[in-house]
Amino acid sequence: MEHKLIIYNTLTRKKEKFVPLHPDIVGMYVCGPTVYSDVHLGNCRTFVSFDLIFRYLLYLGYKVRYVRNITDAGHLEGDQDEGDDKFAKKAKLLQLEPMEIVQKYTIGFHDVLRMFNTLPPSIEPTATGHISEQIEMVQDIIKNGFAYEVNGSVYFDVDKYIKENNYTILTNRNLEDMLNNTRELGGQDEKRGRLDFALWIKAKPEHIMRWPSPWGIGFPGWHIECSAMSRKYLGDQFDIHGGGMDLAATHHTNEIAQSQACNHTTPAQYWMHTNMLTVNGARMSKSSGNGFLPGELFTGNHPLLEKGYSPMAVRFFMLQAHYRSTLDFSNEALDAADKGYKRLMTAVNLLDKIPASKSTSIVDFNQLKLRAFAAMDDDFNSPVLIAELFEVVRIINSLFDGKLTITASDLQELKDFIQQTVFDILGLKDDQINDADNIDDLMQIIINIRNEAKTNKDFVTSDRIRQHLSSIGIQLKDNKEGTLWNKI
Ligand SMILES: [Zn+2]
């Protein structure tokens, strides 16, 4: 099947045919988490979206180098150029080493992403592991005349950069507006221009995380880490750079300026941004009390949630919206997604029970397949793919009911399609199989039937239930409170 992948490029504000720099190889960099607190759901959505993108590129046959960093230094309070390091601040508060904070939340981040069944990136570099690369890049930018040192800190010279380059190329913002709306970002008395930003920051005596540099003891600015690490692992130019859309205006704008000033080229050809999460129509944020963590969503342990949802139901819910659309969390929408996910998995599990016939009575399955992949080729349109999959659910149910027939080879083709789309591309898995809660519910139904039989003095049925359960390794114990069960 011929694929013509189209990607919406934030840089050009239009959909473009995807042509990698090197045939068959894709370099992709995605801004990872700042690991000083639990990963929030907005971040999870971004990483689930890029997991879908990664998986589809792999499905298309590309060899993909997917780099996603861990920010473990240099990200200051309020994204500013002055103030406490987020890790150091938390470390002081909890009387821990900053690296204990980093370790704790990196493990937590990986645990949550594993529950969402995301594939690990090819390389996951840390900012603290790449200090020398960052220093080297700052030196190159100074050498090229786009940065200057003041009192042990180094700033990027935006005024100078603007004369030769389009600083706001990514978001197309008006420079006048930007100047008028710029907040005081710290180090203002040292900066030549209002939009200048820090590449290297002199460490105050109380600052815990510090490294020697040509400009004295200090630590890197937040933006330089991604430029230095993408350059190291993907080269001066690579294919895709991604992240949440809140990063475009400052972080990614500054990344482009740094790379251009250092390497004389924009780093990535395609810039991709995922949209925000909302809760009941309002932007999700911890401070307004409407933000919940992934763990709270899984257990239902939050005032806004009526119950918990499995990680796979949540992943399915996320993929039912296009990555560039906002995604609104509400109990009704989550319930609907949960039902849809279960319907899909139930149908998938019926596939092995469908008998082969002499002929196939399904019409237009090939057209359906073409539509499903055409949707993914059109800027990774997973909601359209999922809509086509519900057509397949209807087909599978009709095959199981005997209303439709299928030959052995067509059945294999159907199974291959489900494997490719449901499992390989959407990255779903069946989390119902080993669901202990479900087994409990199931056993309670069986125990109730047996107790009813006993009450009706139908001992043949009640004994038969006990024997059958025993033959599959389940033991029943009757006591005063009722009947308990356990595995032998
Ligand atoms: Zn970044």
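Above this text is the structure in question.
Bear in mind the structure is a predicted one, so any value in this text is a computation, not a measurement. Sequence order as written defines the numbering, with residues in each chain counted from 1. Whole-chain, interface and lining totals are the exception, using all residues; otherwise, since this is a predicted model, local features are given only for residues with pLDDT of at least 70 and side-chain atom pairs are given and counted only at 80 or more. Note: side-chain values were computed over all heavy atoms of the structure, leaving out hydrogens and water.

A. Geometry of empty space enclosed by the protein. Two kinds of site are reported from a 1 Å grid over the protein atoms alone, namely cavities, where a 1.4 Å probe fits but cannot get out, and pockets, open sets with protein on both sides within 12 Å along at least five of seven lines, and residues are called lining when an atom falls within 4 Å of a point. Grid points are joined across faces, edges and corners, and a volume is the space filled by probe spheres set on the points. Applying the stated criterion across every chain, the model contains 3 cavities of 30 Å³ or more. Counted as a void, the largest cavity has a volume near 70 Å³. For the largest cavity, the full set of lining residues is Arg45, Val48, Ser49, Leu52, Met318, Leu319, Ala321, His322, Tyr323 and Ser382. Every helix listed is a DSSP run of H or I at least four residues long, and every strand listed is a run of E at least two residues long, numbered separately from the N terminus. Listing elements by their share of the lining of the largest cavity, those giving two or more residues are helix H1 (41-59) and helix H10 (311-319). Examining the composition of the lining of the largest cavity, we find that 4 residues originate from one element, H1, more than from any other.

B. Quick look at a nonpolar patch on the surface. On the surface, Leu93, Leu94 and Leu96 cluster together into a nonpolar patch covering about 290 Å² of accessible area. Its location among the elements puts Leu93 in helix H2 (residues 86-94). Partly exposed residues are those whose accessible area sits between 20% and 50% of the maximum for their type, while under 20% is buried and over 50% is exposed, using a 1.4 Å probe and protein chains only. With a relative accessible area of 69%, Leu93 lands in the exposed category. Without a salt bridge and with relative accessible area above 30%, a residue can belong to a patch; like charges are then joined within 9 Å and nonpolar side chains (Val, Leu, Ile, Met, Phe, Trp, Tyr) within 5 Å. Throughout, the Shrake-Rupley method with a 1.4 Å probe supplies accessible areas, and for residues the shown protein chains are the sole cover considered. By definition, a salt bridge exists where a carboxyl oxygen of Asp or Glu is found within 4 Å of a side-chain nitrogen of Lys or Arg.

C. The side chain of His130, seen in detail. Mapped onto the secondary structure, His130 falls in the loop between helix H3 (98-115) and helix H4 (131-143). Residue His130 is classed as buried on the basis of its relative accessible area of 8%. A distance of 2.6 Å separates the side chain of His130 from the side chain of Tyr233, its partner in a polar contact. Only heavy atoms enter the contact rule, under which two residues are in contact if any of them lie within 4.5 Å. If near-sequence neighbours (up to four positions away) are discounted, His130 is found in contact with Pro125, Met229, Lys232 and Tyr233. Within 3.5 Å is the distance limit for a polar contact, defined as a pair of N or O atoms, with the added protein rule that one can donate a hydrogen and the other accept it, and that residues adjacent in sequence qualify only through two side-chain atoms.

D. Highlighting the coordination of the zinc ion. Protein-derived coordination of the zinc ion comes from Cys31 (SG), Cys226 (SG) and His251 (NE2), at a distance range of 2.1 to 2.2 Å. For the zinc ion, the donor residues sit on a single chain with the sequence spacing C-x194-C-x24-H. Taken as a pair, Cys31 in the loop between strand E3 (25-30) and H1 and Cys226 in helix H7 (residues 222-234) lie far apart in primary sequence, 195 residues in all. For the pair shown, Cys31 and Cys226 are each scored as buried. Each metal's donors are the N, O and S atoms found within 2.8 Å of it, except that Na, K and Ca use a 3.2 Å limit; water is left out, so coordination can look incomplete.

E. Highlighting the environment of Ser470. Tracing the backbone shows Ser470 in helix H16 (residues 459-471). The class for Ser470 is partly exposed, based on a relative accessible area of 41%. When the C-alpha positions of Ser470 and Lys487 are compared, they lie 9.0 Å apart, and in sequence the two are 17 residues distant.

F. Quick look at the pairing of strand E2 (residues 14-17). In this sheet, E2 lies alongside strand E1 (residues 6-9) in antiparallel orientation, the contact comprising 4 bridges. From the neighbouring strand, Ile6 faces E2, where its bridge partner is Lys17. Think of it this way: DSSP has to see at least two bridges between two strands before they count as a pair. What sits between the antiparallel neighbours E1 and E2 is a turn of 4 residues, in which Arg13 has the positive phi angle 60°.

G. Region of the structure containing H2. For H2, the full list of buried residues reads Lys86, Phe87, Ala88 and Ala91. Just past H2, the residue Gln95 takes up positive phi, approximately 55°.

H. The arrangement of the pairing of strand E6 (residues 153-156) in detail. Every second residue of E6 is oriented toward a common face, with Ser153 and Tyr155 on one face and Val154 and Phe156 on the other, all of them buried. Two strands pair when backbone bridges link them, and strand E5 (residues 147-150) and E6 are joined in this way by 4 bridges, in the antiparallel orientation. By the bridge assignment, Glu149 is partnered in E6 with Val154. The antiparallel pairing of E5 with E6 creates a hairpin that spans 2 residues between the two strands, and Asn151 there sits at a positive phi of about 50°. The sheet contact formed by E6 and strand E7 (residues 197-202) spans 3 bridges and is antiparallel.

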